[in-house]
Amino acid sequence: VQLVESGGGLVQPGGSLRLSCAASGFTFSSYAMSWYRQAPGKGRALVARISSAGGSRNYGESVEGRFTISRDNDKNMVYLQMNSLKPEDTAVYYCNVEYWRRNYWGQGTQVTVSS
């Protein structure tokens, strides 16, 4: 299993970013996918989860209404569209899959929201 995130960077408050995660090594269309984030000095927290076919999506309370998770099962990609970004969204964002009862993570991509 391999997960590779991209799309992070520095953005001003109120701005937008789109994160991407390229997945390989498993039957992507059969598994739910998630985005987590870890801010400095804090634990890793769930941001969003999408079901295998994309019909069900769940969000962390702090990002509800601002972030959108999506996936393309033809391309083995999962995305996180982040709008109205706030300084408290600053964190390393990780792509995640639970495969055969084991959690797999990408290397993470840094998102910094600052003026």
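For the structure, see preceding data.
Residues numbered from 1 in each chain as written. Predicted model: local features only at pLDDT ≥ 70, side-chain atom pairs only at ≥ 80, totals over all residues. Heavy atoms only, no water.

1. Re the overall build of the chain
(1) Moving on: Counting its secondary structure elements, the chain contains zero helices and 11 strands.
(2) Moving on: Rg of the C-alpha trace for the chain: 13 Å, near the compact-globule value of 13 Å for 115 residues, within the 12% margin.
(3) Moving on: Each principal axis of the C-alpha distribution contributes one length, and for the chain these read about 40 × 25 × 25 Å.
(4) Moving on: Relative to its 115 residues, the chain shows a buried fraction of 40%.
(5) Moving on: At a minimum sequence separation of 6, the contacts of the chain that also span at least 24 residues come to 51%.
(6) Moving on: Counting only carbon and sulfur atoms, one obtains 43% of the accessible surface of the chain, whose full area is about 6,100 Å².
(7) Moving on: Charge separation in the chain, taken as the distance between the mean sites of 12 positive and 8 negative side-chain charges, equals 3 Å. (Helix = DSSP H or I, 4+ residues; strand = E, 2+ residues; numbered from the N terminus. Rg over C-alpha atoms; globule rule 2.2 N^0.38 Å. Buried < 20%, exposed > 50% of the residue type's maximum accessible area, 1.4 Å probe, protein only. Contact = heavy atoms within 4.5 Å. Areas by Shrake-Rupley, 256 points an atom, 1.4 Å probe, with all protein chains shown as cover. Lys, Arg positive; Asp, Glu negative; His and termini not counted. Charge placed at Lys NZ, Arg CZ, Asp CG, Glu CD.)

2. Some details on the state of the cysteines
(1) Moving on: The final tally for this structure, using the stated rule, is one disulfide.
(2) Moving on: Two residues share a disulfide in this structure: Cys-21 and Cys-95, whose sulfurs sit 2.1 Å from each other. On the sign convention where negative means left-handed, the S-S torsion of about -85° between Cys-21 and Cys-95 marks this disulfide as left-handed. In this pair, Cys-21 is assigned in strand β3 (residues 17-24) and Cys-95 in strand β9 (residues 91-99), connecting sequence segments 74 residues apart.
(3) Moving on: You can call Cys-21 buried: its relative accessible area is 0%. (Disulfide = S-S within 2.5 Å.)

3. A short note on unusual backbone geometry
(1) Moving on: Although it is not a glycine, Asn-76 adopts a positive phi angle of roughly 55°.
(2) Moving on: With respect to the helices, strands and loops of the structure, Asn-76 is situated in the loop between β7 (67-72) and β8 (77-82).
(3) Moving on: The backbone of Trp-100 sits at a positive phi, close to 50°, despite the residue not being glycine.

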